[in-house]
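Spelled out from the first residue to the last, the chains are:
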Amino acid sequence: MFNSEASYWDERRSESSKQALEYYADINERTRLYDSHEGARPRNVNDPKPIRREKLKEQEIARPSLFISRALLDFNEHFIELSNAGEYKRSLTFMIALLFGSSVALPAYPIGLLLAEQAPHPQDWYIALAILLVVFACATGLVCFLVWPHVIAPAFFTALRARYRFNRTTRKVYVLRPKKYGGNAILDWDRVKAHVKWAPPKSWTVEQLASSEEARRERRLSAGIDSNLLLYWPPLDPADSERKGEDLIWVGPGGSGEPLWQYIRTFMEEGMDAVPKPAEYNWLRKGFHTPGQHMEETVLGPSRVLDRIGGRAPARGSSLMTEVNFLTNVLWAPLHCLSERLCKWPTFPEEWNSDCGQRRRENGIGPEEPLRWTARL
């Protein structure tokens with residue numbers, strides 16, 4: 001889903017690029033941004049021992065990690081491919097839309113019964129029709145002006161998810177996303193800046209965040225499940241009023257931050273052997289899920305990982321928490337899969353050669369062979 005992207009572009013259209021960047025994206029003079037070379041420096045055998053100040057600085061830098069989240073679409077010698085957040089909200093949005101549609105249709109049923117029980121006068125039909133037209137007009141206005149741009153459009157009849165290929169061979173970032181949220185793009189890796197503690201502005205206004213250090217601190221502290229790693233490309237010319245070259249993307253699942261940024265940065269600067277090898281629970285599925293796949297990968301997968309790591313599962317079977325997750329989500333799985341089919345799976349243009357000459361599959365999950373090959377650029 002594209003909730004963050006939609007909110008940013010709504011702010012940009014209603015106000016200005018500068019305000020949207022400073023307010024919603026939280027890119028301003030008070031924001032700590034990391035560049036692509038800012039991380040733990042690998043040391044060779046013959047290097048001198050680091051001094052105390054260098055050791056303390058490296059302790060502040062997070063280790064590259066994917067944690068237990070499903071983040072990777074692809075991983076190989078030349079590139080890693082990631083996506084954006086919010087996928088789990090699609091089935092919830094779909095269920096709410098069904099409930100809303102049912103509630104709009106409800107007045108037709110009692111009116112029909114009322115008219116069928118007795119021989120209606122002509123004016124009864126006019127009254128019934130007027131009631132239905134008023135209900136339909138209110139519902140249509142609500143959907144068109146409030147629900148559609150903020151809820152429906154980011155989730156349905158668009159790309160299933162964003163796709164970001166970080167290619168260390170070409171030193172480019174290949175971006176697939178809907179046109180209304182910035183469109184496809186090829187970005188230079190060496191210009192990237194990372195906001196590792198981004199959080200949505202929530203209830204704070206532009207003035208509060210601009211004038212109050214306390215509001216800004218609370219916004220940073222609110223970075224939790226709704227937070228994301230935000231990558232930013234500044235304008236090629238800071239004095240350019242059109243801000244050519246400026247772009248930004250939200251990367252990774254909810255809760256992503258500096259560990260994911262260091263994973264991407266370390267891969268791009270040092271290669272696939274310098275980052276932890278992805279575990280089975282770190283893979284995202286390319287394409288669409290079946291209900292069983294959605295339950296196993298999205299719902300039960302993280303819970304079972306916590307069972308193993310935390311030792312909360314019995315000798316055989318699953319923990320109570322995993323069983324509760326299954327019971328509460330079993331009815332949602334078909335809705336989620338149906339809602340996915342209302343979207344399309346985006347594919348990279350062949351002329352980009354973003355796969356460096358080795359065509360990758362567009363469905364399935366898990367590591368894909370080969371992991372190493374000679375690039376054909």
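These numbers come from a predicted model, not from an experiment.

Some thoughts on empty space enclosed by the protein
- Per the stated rule, a full pass over the model turns up one cavity of 30 Å³ or more.
- Empty space within the largest cavity amounts to approximately 40 Å³.
- Considering only residue class, the lining of the largest cavity consists of four nonpolar, two polar and four charged.

A closer look at the nonpolar core
- Grouped together as the largest cluster of nonpolar side chains are 37 residues, with contacts concentrated most on Phe166, Leu231 and Ile264.
- A per-element tally of this core places helix H9 (residues 258–270) first, with six residues.
- Counting 15 residues, the second-largest nonpolar core is a separate cluster that includes Tyr24, Trp198, Ala215 and Trp250.

Side note on the environment of Trp345
- When you line up the elements, Trp345 lands in the segment after helix H12 (332–340).
- Considered as a pair, Trp345 and Gly287 are 58 residues apart in the sequence and their alpha carbons are 6.0 Å apart.
- Those residues in contact with Trp345, other than ones at most four positions away along the chain, are Leu73, Leu160, Arg161, Arg163, Lys286, Gly287, Phe288 and Glu362.
- Polar side-chain contacts of Trp345 include one of 2.8 Å to the side chain of Glu362.

Structural notes on the sheet that holds strand S4 (residues 163–167)
- Taken in spatial order, the five strands of this open sheet run S2-S3-S4-S5-S6, and their pairing is antiparallel. Every other strand in the sheet has two partners, leaving strand S2 (72–75) and strand S6 (185–188) as the edge strands with one partner each. Here the strands of the sheet are splayed against their neighbours by 15 degrees on average, with no regard to which way each runs.
- With five bridges joining them, S4 and strand S5 (residues 172–176) adopt antiparallel strand pairing. Paired with Arg165 across the bridge in S5 is Tyr174.
- With respect to the sheet, H9 is in contact with S2, strand S3 (79–82), S4 and S5, its orientation differing from that of S3 by roughly 155 degrees.

Quick look at the layout of surface pockets
- Taken as a whole, the second largest pocket spans an internal volume of roughly 390 Å³.
- Together, 19 residues line the second largest pocket, and Asp26, Asn28, Arg30, Thr31 and Arg216 are the ones closest to its centre.
- Residue assignment for the lining of the second largest pocket shows that the elements contributing at least two residues are helix H2 (17–24), strand S7 (193–198), helix H7 (206–211) and helix H8 (213–221).
- Tallied by class, the residues present in the lining of the second largest pocket amount to six nonpolar, four polar and nine charged.

Concerning a nonpolar patch on the surface
- A cluster of nonpolar side chains, namely Phe326, Leu327, Val330 and Leu331, defines an oily patch on the protein surface of about 400 Å² accessible area.
- Following the sequence through the fold, Leu331 ends up in the loop between helix H11 (320–329) and H12.
- Owing to a relative accessible area of 68%, Leu331 belongs among the exposed residues under this scheme.

Examining the environment of Trp250
- Of note, Trp250 is situated in strand S9 (residues 247–251).
- Its relative accessible area of 2% is what places Trp250 among the buried residues.
- Taking C-alpha positions, Trp250 is 7.7 Å from Ala85, a pair spaced 165 residues apart along the chain.
- If we skip the residues at most four places from it in the chain, Trp250 touches Ser4, Glu5, Tyr8, Tyr24, Ser83, Asn84, Tyr164, Trp198, Asn228, Leu229 and Leu230.

Observations concerning the sheet that holds S7
- In spatial order, the strands read S1-S7-S8-S9; together these four strands make up an open sheet with antiparallel pairing. Since the sheet does not close on itself, it has two edges, and those belong to strand S1 (34–35) and S9, each with one partner.
- The pairing of strand S8 (residues 228–233) with S9 spans five bridges and is classified as antiparallel. Residue pairing in the sheet places Leu231 in a bridge with Ile249 of S9.

Observations concerning unusual backbone geometry
- Residue Pro370 is reached from Glu369 by a cis peptide bond, and omega for that bond is -5 degrees.
- Of note, Pro370 is situated in the segment after H12.
- Even without being glycine, Arg243 reaches a positive phi, approximately 55 degrees.
- Looking at the element boundaries, Arg243 is found in the loop between S8 and S9.

Here is what the cut-offs are and how they apply
Residues numbered from 1 in each chain as written. Predicted model: local features only at pLDDT ≥ 70, side-chain atom pairs only at ≥ 80, totals over all residues. Heavy atoms only, no water. 1 Å grid on protein atoms, 1.4 Å probe; cavity = no way out; pocket = protein on both sides within 12 Å on 5 of 7 lines; lining within 4 Å. Points joined across faces, edges and corners; volume = space filled by probe spheres on them. Nonpolar A, V, L, I, M, F, W, Y, C, P; charged D, E, K, R; others polar. Core = buried A, V, L, I, M, F, W, Y, C linked by side-chain atoms within 4.5 Å. Buried < 20%, exposed > 50% of the residue type's maximum accessible area, 1.4 Å probe, protein only. Helix = DSSP H or I, 4+ residues; strand = E, 2+ residues; numbered from the N terminus. Contact = heavy atoms within 4.5 Å. Polar contact = N/O pair within 3.5 Å; in protein donor to acceptor, adjacent residues only side chain to side chain. Pairing = 2+ DSSP bridges. Axes fitted to C-alpha atoms, helices over the stretch in contact; angles between N-to-C directions. Patch = residues over 30% accessible without salt bridge, like charges linked within 9 Å, V, L, I, M, F, W, Y side chains within 5 Å. Areas by Shrake-Rupley, 256 points an atom, 1.4 Å probe, with all protein chains shown as cover. Salt bridge = Lys/Arg side-chain N within 4 Å of Asp/Glu carboxyl O.

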